[in-house]
Amino acid sequence: MAAFASCSLLSSPCLKKTSQSSLSWKFPLSSAFRVAVALPRSKRSVPRFVVLAMDAKPTVLVAEKLGEAGLNLLKDFANVDCSYNLSPEELCTKISLCDALIVRSGTKVSRDVFESSGGRLKVVGRAGVGIDNVDLAAATEHGCLVVNAPTANTVAAAEHGIALLTAMSRNIAQADASVKAGKWQRSKYVGVSLVGKTLAVMGFGKVGSEVARRAKGLGMHVIAHDPYAPADRARAIGVELVSFDEAIATADFISLHMPLTSATSKILNDETFAKMKKGVHIINVARGGVIDEAALVKALDAGIVAQAALDVFTEEPPPKDNKLVRHEKVTVTPHLGASTMEAQEGVAIEIAEAVVGALKGELAATAVNAPMVPAEVLMELKPFVKLAEKLGRLAVQLVAGGSGVKSIKVTYASARAPEDLDTRLLRAMITKGLIEPISSVFVNLVNADFTAKQRGLQITEERIILDGSPESPLEFIQVQIANVESRFASAISESGEVKVEGRVKDGIPHLTKVGSFEVDVSLEGNIILCRQVDQPGMIGKVGSILGEENVNVSFMSVGRIAPRKHAVMAIGVDEQPSKETLKKIGEIPAVEEFVFLKL
C-alpha cells in the first residue's frame with residue numbers, strides 16, 4: 001500500500017526532501033496547489049506525485065463517530081472527512097492531507113501518524129477525557145496541539161459508575177439473566193446494602209468528585225486518594241483524602257477514576273489486592289489498563305474481591321474467551337461511560353469548538369500538551385501573549401549575526417502575587433518569538449519548551465512585584481539576551497545585554513524601551529530604529545524619505561538621554577522599505593546607526 005505525504009509548494013526550483021524522517025517535499029508550484037506524494041512500500045517502485053488544488057478551508061478527519069451537532073459546527077468552518085474504522089496504515093495515508101484529526105478512544109494516534117502528516121497536522125481532538133491513545137510526546141515534538149473534551153461527559157461517566165455500583169451490589173445483571181433463563185433464584189442473589197459502607201474513590205478529578213457526591217447521597221462514607229487533589233475541594237463535599245494504602249485497606253467498595261499512565265498501569269495487582277479488605281467490591285469506569293486483569297481473576301476466585309463491575313478493559317473489545325468477562329462475579333458493559341444522548345452531543349460540540357478554535361489560532365483552555373490556562377485567564381492575557389511574542393522577535397533580530405543566543409532573561413512586572421500570575425503561556429510565546437525568525441522551525445505553545453531545550457536556550461524568569469492595584473495582570477514585560485553582540489548598539493543596556501521592554505496600552509502591545517532609551521511605538525507592522533544626534537528636523541527628514549518611497553508611517557516616537565544629546569527614534573511602518581530607502585536614511589548625517597526589524 002502506498003503512503004501519501006502532503007507538501008508545501010514553495011518557490012524553490014528544485015525538489016528537496018526536508019528531513020530524513022519526514023515524508024514532505026517542496027515543489028516549485030503556485031501556493032494555490034498542494035502536492036501529495038505516494039510512497040510505495042517497495043523500494044523498487046517509483047513514487048507517484050499528485051497535484052491537488054488547495055481549498056481555502058482546512059480539512060478535518062473525523063475517524064470515529066461524532067454527534068451531528070459537532071459535525072455541523074465543523075462543516076461551517078472546514079472540509080470534513082468522516083472515515084471510520086481506519087487501519088493504522090490507512091490513517092497514516094490519509095493524515096498527510098488533513099489539518100486536524102478527531103478521535104474517540106478506539107483510534108491509536110501514534111508517532112507514525114504524526115510523522116506521516118508531514119507537518120500539516122495542527123491539532124488532534126480527543127472526543128472525551130482520556131488521552132492515553134494519543135502519543136503526546138510525538139505530538140509535542142511535531143508542534144501538534146492535543147485537545148480533549150473534559151467536561152461534557154463528566155456527569156454521564158459518574159452516573160454510569162453509580163449504576164454499576166448499585167447493579168453490582170444487588171446482582172441486577174445476574175438476576176436478570178437468571179429470570180430470562182426461566183429460573184427463580186431469590187436466595188442466590190441476595191445483595192449488600194450501600195448505606196454506611198465505605199467507598200474509596202481512586203482519582204478525585206471531575207468524574208471522581210461527581211461519583212463521590214452521588215455516593216454521599218446514597219448514605220455511603222466516602223474517602224478518596226489523589227496526590228494532586230486539593231484537600232479543601234474534598235472537604236467541601238464531605239470527603240476525606242487519604243493515602244493509597246489506607247484507601248484500599250479500609251474500603252468496602254473501590255471506584256477507579258484515574259488516567260492510564262506509566263505510574264497507574266496495573267496499579268491494582270496481586271500485591272495491592274492482598275492489602276484489601278476481604279470481600280471488597282471493585283468498580284472501573286476509567287481505563288482497563290489500571291487493573292491487572294489476571295490478578296483480578298485470582299482475587300475473585302480467592303474471595304478477596306467479592307464482585308467487580310467493569311466498563312473498560314485492557315483490550316477493547318476483549319477476546320471472547322476472556323476469563324474476567326465470563327466470570328460469574330463480574331458485571332460488564334462495553335465502555336458505556338459516556339454513552340448517553342446528552343453526553344454524546346455535548347462531547348461532540350465541546351471537541352468541535354476546541355478544534356475549530358485551535359485551527360483559528362485561538363488559545364485552547366482544554367489543551368493537554370500545552371500550558372493549561374483557564375479560559376478567563378486566557379482572555380485576560382491575550383494582549384500580553386501578543387506582546388510576549390513580539391518582544392521575543394525584536395530581541396533576537398537585534399542580535400548580530402554569528403552571536404550564539406543561549407541565555408535569555410524574562411522579567412515580568414506586576415502588582416499581583418506570584419501565585420496569581422501564571423507565566424507559562426507568556427514564556428512559550430517569547431520562545432516562539434525568539435526561535436522562529438532565525439530558524440525554519442514552526443514553534444507554538446505546544447512545542448516551545450521542547451524546542452528551546454533542543455536548541456540549548458536557557459530561559460530564566462524573574463518577577464518584580466509592584467505596589468498598586470492588581471487589576472491588570474502585568475505592567476510590563478522585559479526580555480534580555482546576554483553574552484551577544486548587537487546589530488544596533490543602542491539596544492545594549494548598561495549591564496551589557498540586548499534589552500527590550502514593552503507594555504499593553506488600550507489592548508495593543510507597545511515597545512517602550514530599547515536598551516536604556518525609552519520609546520513608545522505600537523508593535524504592529526514593522527519597526528525602524530535609528531540612533532541619532534538629537535537636533536531639530538530629524539523626524540521630518542526621515543518621514544520625508546519614507547513618504548517619497550510610499551512607505552506609510554503608523555507611529556513615530558523619540559527617546560533621548562538629554563536635549564541635544566543622543567536619541568533613539570522608533571518608527572512603525574506598514575510596508576518593508578527597499579534597501580535604497582534604508583540607505584537614504586542611513587546617509588542622513590545625524591543618523592549614527594539604524595536597523596529594520598520585521599514583526
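Just above sits the structure.
Here is a short report on the structure shown in this document.

Thresholds applied
- Residues numbered from 1 in each chain as written.
- Predicted model: local features only at pLDDT ≥ 70, side-chain atom pairs only at ≥ 80, totals over all residues.
- Heavy atoms only, no water.
- Helix = DSSP H or I, 4+ residues; strand = E, 2+ residues; numbered from the N terminus.
- Contact = heavy atoms within 4.5 Å.
- Areas by Shrake-Rupley, 256 points an atom, 1.4 Å probe, with all protein chains shown as cover.
- Pairing = 2+ DSSP bridges.
- Axes fitted to C-alpha atoms, helices over the stretch in contact; angles between N-to-C directions.
- Parallel < 35°, antiparallel > 145°, perpendicular 65-115°, else oblique.
- Left-handed = near helix turned anticlockwise from the far one by under 90°.
- Nonpolar A, V, L, I, M, F, W, Y, C, P; charged D, E, K, R; others polar.
- Salt bridge = Lys/Arg side-chain N within 4 Å of Asp/Glu carboxyl O.
- Buried < 20%, exposed > 50% of the residue type's maximum accessible area, 1.4 Å probe, protein only.
- Core = buried A, V, L, I, M, F, W, Y, C linked by side-chain atoms within 4.5 Å.
- Right-handed = clockwise from strand over helix to strand, strands pointing away.
- Polar contact = N/O pair within 3.5 Å; in protein donor to acceptor, adjacent residues only side chain to side chain.
- Expected span 1.5 Å × (residues − 1).

**Some words on the overall build of the protein chain**
Argument step 1. On a plain count of helices and strands, the protein chain comes out with 18 helices and 28 strands.
Argument step 2. Considering only intrachain contacts with a sequence separation of at least 6, the fraction spanning at least 24 residues in the protein chain is 63%.
Argument step 3. Accessible surface, the protein chain: about 28100 Å² in total, of which carbon and sulfur atoms supply 53%.

**Quick look at the sheet that holds strand 14 (residues 240-241)**
Argument step 1. Within the open sheet, the 7 strands sit side by side as 14-13-12-15-16-17-18. Their pairing is parallel. With one partner strand each, in any of the chains shown, strand 14 and strand 18 (330-332) form the two edges of the open sheet.
Argument step 2. Pairing analysis gives 5 bridges linking strand 12 (residues 198-202) to strand 13 (residues 221-225), with the strands arranged parallel. Residue pairing across strands places Leu199 opposite Val222, the latter belonging to strand 13.
Argument step 3. Across the sheet, helix 7 (residues 206-217) lies against strand 12, strand 13 and strand 15 (253-256), angled at about 170° from strand 12, the strand it touches most.

**Structural notes on the packing of helix 14 (residues 375-397) against helix 15 (residues 424-435)**
Argument step 1. In contact at an axis separation of 7 Å, helix 14 and helix 15 are set at 30° when each is read in the N-to-C sense. Our classification of the angle between helix 14 and helix 15 gives roughly parallel. Seen from above, helix 14 lies across helix 15 with right-handed handedness. Contacts between helix 14 and helix 15 involve Leu378, Phe384, Val385, Ala388, Glu389, Gly392, Arg393 and Val396 from the first element and Leu425, Leu426, Met429, Ile430, Lys432, Gly433 and Leu434 from the second.
Argument step 2. The residue makeup of the contact of helix 14 with helix 15, split by class, is 10 nonpolar, 2 polar and 3 charged.

**Examining the pattern of salt bridges**
Argument step 1. Overall, the coordinates contain 24 salt bridges when judged by the stated rule.
Argument step 2. The salt bridge partner of Asp81 is Lys94, with a shortest N-O separation of 2.8 Å. Of this pair, Asp81 sits in strand 8 (residues 79-82) while Lys94 sits in helix 2 (residues 88-95), and the two are 13 residues apart along the sequence.
Argument step 3. Here Asp99 ties to Arg120 by a salt bridge, and the two come within 3.0 Å at their closest N and O atoms. Here the residue Asp99 occupies a position in the loop between helix 2 and strand 9 (100-103), and Arg120 occupies one in the loop between helix 3 (111-116) and strand 10 (123-126), the gap between them amounting to 21 residues.
Argument step 4. With relative accessibility at 13%, the residue Asp99 sits in the buried group.
Argument step 5. Overall, Arg120 belongs to the buried group, its relative accessible area being 13%.
Argument step 6. Within the structure, one salt-bridge network assembled from shared partners comprises Glu389, Arg393, Lys432 and Glu436.

**Some points on the nonpolar core**
Argument step 1. Membership of the largest hydrophobic core comes to 76 residues, with the highest contact counts inside it found for Leu74, Leu145 and Leu511.
Argument step 2. In terms of residue count, helix 14 provides more of this core than any other element does, 10 residues in total.
Argument step 3. Apart from residues lying up to four places away in sequence, Leu511 is in contact with Leu391, Leu394, Val500, Glu501, Gly502, Val519, Asp520, Val521, Leu523 and Ile527.
Argument step 4. Residues Val242, Met276, Val290 and Ile291 belong to the second largest nonpolar core, which totals 30 residues.

**Details of the pairing of strand 7 (residues 59-62)**
Argument step 1. Judged by which residues are buried, strand 7 turns out to be covered on both faces: Thr59 and Leu61 on one side and Val60 and Val62 on the other are all buried.
Argument step 2. As paired strands, strand 7 and strand 8 are joined by 4 bridges and run parallel to one another. Paired with Val62 across the bridge in strand 8 is Cys82.
Argument step 3. Regarding the hand of the β-α-β motif, the stretch spanning strand 7, helix 1 (residues 68-75) and strand 8 is right-handed.

**Focus on the sheet that holds strand 10**
Argument step 1. Strands sit in the order 8-7-9-10-11 across an open sheet of 5 strands; the sheet is parallel. The two strands at the open ends of the sheet, each matched to only one other strand, are strand 8 and strand 11 (145-148). On average, each strand axis in the sheet is tilted by 20° relative to the strand beside it, whichever way the strands run.
Argument step 2. The pairing of strand 10 with strand 11 spans 4 bridges and is parallel. Bridge pairing links Gly125 to Val147 in strand 11.
Argument step 3. Sheet strands in contact with helix 2 are strand 7, strand 8 and strand 9, and its direction is about 170° off that of strand 7.
Argument step 4. Sheet strands in contact with helix 13 (residues 341-359) are strand 7, strand 9, strand 10 and strand 11, and its direction is about 170° off that of strand 10.

**Section: the environment of Leu387**
Argument step 1. Checked against the element boundaries, Leu387 lands in helix 14.
Argument step 2. Linking Leu387 and Phe476, residues 89 residues apart in sequence, is a C-alpha distance of 9.4 Å.
Argument step 3. Dropping the residues within four chain positions of it, Leu387 is found in contact with Ile477, Gly502, Arg503, Val504, Pro509, His510 and Leu523.

**Concerning the side chain of Thr581**
Argument step 1. Here Thr581 is to be found in helix 18 (residues 579-586).
Argument step 2. We classify Thr581 as buried; its relative accessible area is 1%.
Argument step 3. There is a polar contact of 2.9 Å between the side chain of Thr581 and the side chain of Ser578.
Argument step 4. Non-local contacts of Thr581, meaning those with residues more than four positions away in its chain, are made with Ile545, Leu546 and Glu549.

**Some points on the packing of helix 5 (residues 154-169) against helix 7**
Argument step 1. Here helix 5 crosses helix 7 at 50°, and the two axes come no closer than 8 Å. As judged from the angle between their axes, helix 5 and helix 7 are oblique. Note on packing geometry: the crossing formed by helix 5 with helix 7 is right-handed. Of the residues in helix 7, those in contact with Thr154, Val155, Ala157, Ala158, Glu159 and Ile162 of helix 5 are Lys206, Val207, Glu210, Val211, Arg214 and Ala215.

**Description of helix 7**
Argument step 1. The terminal C-alpha atoms of helix 7 lie 17 Å apart, and with 12 residues this matches the ideal 16 Å at 1.5 Å per residue to within 8%.
Argument step 2. What helix 7 keeps buried is the set Val207, Gly208, Ser209, Val211, Ala212 and Ala215.
Argument step 3. If you follow the buried residues of helix 7, they end up packed against helix 5, strand 12, strand 13, helix 8 (231-236) and strand 15.
Argument step 4. Backbone geometry just after helix 7 places Gly219 at a positive phi near 85°.

**A word on unusual backbone geometry**
Argument step 1. Backbone torsion omega between Glu316 and Pro317 reads -10°, so that peptide bond is classified as cis.
Argument step 2. Its place among the elements puts Pro317 in the loop between strand 17 (305-310) and helix 12 (323-326).
Argument step 3. Phi is positive for Asn85, close to 55°, though the residue is something other than glycine.
Argument step 4. Examined against the element boundaries, Asn85 turns out to sit in the loop between strand 8 and helix 2.
Argument step 5. By relative accessible area, Asn85 is classed as exposed at 75%.
Argument step 6. With phi around 55°, Lys266 is a residue other than glycine that occupies positive phi space.
Argument step 7. Note on placement: Lys266 falls in the loop between strand 15 and helix 10 (270-274).
Argument step 8. Overall, the relative accessible area of 45% leaves Lys266 in the partly exposed class.

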